[in-house]
Amino acid sequence: MGRLTEVAALGSGARAARWAGSPPTLLLLSPTSPGCAATMASSDEDGTNGGASEAGEDREAPGKRRRLGLLATAWLTFYNIAMTAGYARREAPSGPPRAAVRGGSGLRGRGPGWLVLAIAMVRFYMEKGTHRGLYKSVQKTLKFFQTFALLEIVHCLIGIVPTSVLVTGVQVSSRIFMVWLITHSIKPIQNEESVVLFLVAWTVTEITRYSFYTFSLLDHLPYFIKWARYNFFIILYPVGVAGELLTIYAALPYVKKTGMFSIRLPNKYNVSFDYYYFLLITMASYIPLFPQLYFHMLRQRRKVLHGEVIVEKDD
Amino acid sequence: MKHYEVEILDAKTREKLCFLDKVEPHATIAEIKNLFTKTHPQWYPARQSLRLDPKGKSLKDEDILQKLPVGTTATLYFRDLGAQISWVTVFLTEYAGPLFIYLLFYFRVPFIYGHKYDFTSSRHTVVHLACICHSFHYVKRLLETLFVHRFSHGTMPLRNIFKNCTYYWGFAAWMAYYINHPLYTPPTYGAQQVKLALAIFVICQLGNFSIHMALRDLRPAGSKTRKIPYPTKNPITWLFLLVSCPNYTYEVGSWIGFAIMTQCLPVALFSLVGFTQMTIWAKGKHRSYLKEFRDYPPLRMPIIPFLL
């Protein structure tokens, strides 16, 4: 998915990203064993149950966050300094000033990482004049920083970031999928133009996003960073999605020919998996998912930049 | 007798939707909902959520007006729960699907497997056994829905039927495809494995049924009372000593048995997903019990004895 990770980022606005308006129940079922006498939590049933398990997950999080605030900041500051994924919580007291100065761009943690990537890409193109071989030259950095983003899921899990684990999980997973299961594994498509397309989109987005987090944490957010974060996606998101889809499409013939990542029958565990069809389904899933994410971000943009009060739709 | 006045406002827009005067003090919320439906027929009682606070919990149908913390002019906030569908309907639909779908694969109806396999029969005994077990499981569920379960709620949101049916029907088709496939591989340890797994399955099905019966007996027909379940003379119910929701425990056990019997990874995945969902429900239920009953047995865990 062309996750320009905007949605996960919105959590930094202390707005737990209500992903597509669904309550944070992990699974989708309604209870099927009401014989268990009393009130069972029916998903989406709006708290109409007396004493039932309205888990209170949302209620638990704030207390946890406040307790971890200090520890979280220390950890995240160290993390940033170690030049790894840096997402810092807004409420935490400002970190050591030198972290802000690092890299000369005021970007913390991932800032330098993705900035390194951006610079490497620009230099490559300036030197070679072509995009061929670009992926190869940046792949190590890309893989390192994109894989490190997995930590952001942990940040959500332990509650120091107010975003939903599911949203972040989906975002990060789709990135990991693109990097490791497509571009890394299917060598023939590494020189496709579409790869550059999504790399550029991702790079610009990540730099914007992490700058936004950094400055938010330092309680000194320049308006233009906020503006960038809530406007760039309008172009970057479709561009990124286009790049990803075109890349997957280009990979299809190779996948079909080699039968890679696939399991055939008969086998001991009586299961089969066809990576080719899996990719087709993945591509198809962009159709419902992309508009949802895009319009969600547009709504957030209206809220943040134009102070519009948006009445939450009923579930 | 002092009559109450009830005004009903929209919980989100605070718009005045309805004003009821001369309401009896001992009127129930259910009765008020019926009165509200008269002025707004599109909002039948099942889809109404009335509450004292716009963000608060819904009032129960049995709540009595004069027992609520309101003055003689009561303000209630209304939230539309969306189109509702009865639990019974949802259950029957979501269980009938797998029953039927599995049989399509079992009989190798055309267009599923290659044409040369149409309407052929598997030569493995375990495949026939699996069909019997799977079918029995869903027939049992259907019968329990009709005759055993006592539901606390009449309805659930309509969209749930689509979600639930996709889950049950989808997984049933996925499992059935492999178990009844011409290239199906029987379990590694042969008849021994099948027999053991079958035993687990049968015991857990019996267990699950016994618990359902025990829970039903806790609640008299037509009531919505809640009581702590305790073990009875039936040894199967002794699991109540250790878990709050032994019906879920037995259900997971059944599917594990089925997975071992068929040695089919999709079945194992289905068991895992089901287990995850049931654990969430069990934990919720367990928490409800703890909140409601001071003397709740401390040894009990939600779903897995001592562990979870």
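All of these numbers come straight from a predicted model, not from anything done at the bench. (Residues numbered from 1 in each chain as written. Chains lettered and ligands numbered in written order. Predicted model: local features only at pLDDT ≥ 70, side-chain atom pairs only at ≥ 80, totals over all residues. Heavy atoms only, no water.)

Engineer: Could you clarify how one ought to interpret the environment of Trp281 of chain B in this entry?
Structural biologist: All names here are of chain B. Along the chain, Trp281 falls in helix α7 (residues 265-292). Owing to a relative accessible area of 6%, Trp281 belongs among the buried residues under this scheme. Each C-alpha atom of the pair Trp281 and Cys245 lies 9.0 Å from the other, and the pair is 36 residues apart in sequence. (Helix = DSSP H or I, 4+ residues; strand = E, 2+ residues; numbered from the N terminus. Buried < 20%, exposed > 50% of the residue type's maximum accessible area, 1.4 Å probe, protein only.)

Engineer: Looking at this model, I keep getting lost on the UniProt feature "transmembrane region" (unreviewed entry) in chain B. Mind explaining?
Structural biologist: UniProt feature "transmembrane region" (unreviewed entry): in the numbering of this structure it lies at residues 85-107, 166-184, 196-215 and 256-281 of chain B. Taken end to end, residues 256-281 of chain B has its terminal C-alpha atoms 19 Å apart, with 92% of it in helix and 0% in strand. (UniProt positions renumbered as here; feature names shortened; annotations may be inferred.)

Engineer: Looking at this structure, how should I read a nonpolar patch on the surface?
Structural biologist: All names here are of chain A. A cluster of nonpolar side chains, Trp180, Leu181, Phe261, Ile263, Phe273 and Phe278, forms an exposed patch at the surface whose accessible area comes to about 480 Å². For Trp180, the position within the fold is in helix α7 (residues 165-184). Exposure remark for Trp180: the relative accessible area of 31% places this residue in the partly exposed category. (Patch = residues over 30% accessible without salt bridge, like charges linked within 9 Å, V, L, I, M, F, W, Y side chains within 5 Å. Areas by Shrake-Rupley, 256 points an atom, 1.4 Å probe, with all protein chains shown as cover. Salt bridge = Lys/Arg side-chain N within 4 Å of Asp/Glu carboxyl O.)

Engineer: Can you walk me through the packing of helix α3 (residues 125-147) of chain B against helix α6 (residues 246-262) of chain B in this structure?
Structural biologist: The relative placement of two packed helices is expressed as an angle between their axes plus a distance between the axes. All names here are of chain B. Interaxial distance between α3 and α6 falls to 10 Å at its minimum, and their mutual angle equals 160°. Compared by their axis directions, α3 and α6 come out roughly antiparallel. For the crossing formed where α3 meets α6, the hand is left-handed. Across the interface between the two elements, Val126, Leu129, Ala130, Cys133, His134, His137, Tyr138 and Arg141 from α3 touch Glu251, Trp255, Phe258, Met261 and Thr262 from α6. (Axes fitted to C-alpha atoms, helices over the stretch in contact; angles between N-to-C directions. Parallel < 35°, antiparallel > 145°, perpendicular 65-115°, else oblique. Left-handed = near helix turned anticlockwise from the far one by under 90°. Contact = heavy atoms within 4.5 Å.)

Engineer: What is the right way to read the sheet that holds strand β2 (residues 16-23) of chain B from this model?
Structural biologist: Neighbouring strands of a sheet are bound in pairs by backbone hydrogen bonds; such pairs are parallel or else antiparallel. Residues and elements named next belong to chain B. The strand order β2-β1-β4-β3 describes an open sheet built from 4 strands, whose pairing is mixed. Pairing within the sheet leaves two strands with one partner each, and these edge strands are β2 and β3 (48-51). Taken over all neighbouring pairs, the strand axes of this sheet differ in orientation by 25° on average, direction set aside. Note: β3 against strand β4 (residues 73-80), 4 bridges, orientation antiparallel. Counterpart to Gln48 in the pairing with β4 is Asp80. Sheet strands in contact with helix α1 (residues 29-39) are β1 (4-10), β2, β3 and β4, and its direction is about 120° off that of β3. (Pairing = 2+ DSSP bridges.)

Engineer: Is there a simple way to explain the pairing of β4 of chain B in this structure?
Structural biologist: Residue and element names in this part refer to chain B. For β4, a buried count of 6 out of 8 residues is recorded, marking the element as mostly surrounded by other parts of the structure. Looking at chain direction, β1 and β4 are connected through 6 bridges and run parallel. Directly across from Glu7, in β4, lies its bridge partner Thr75.

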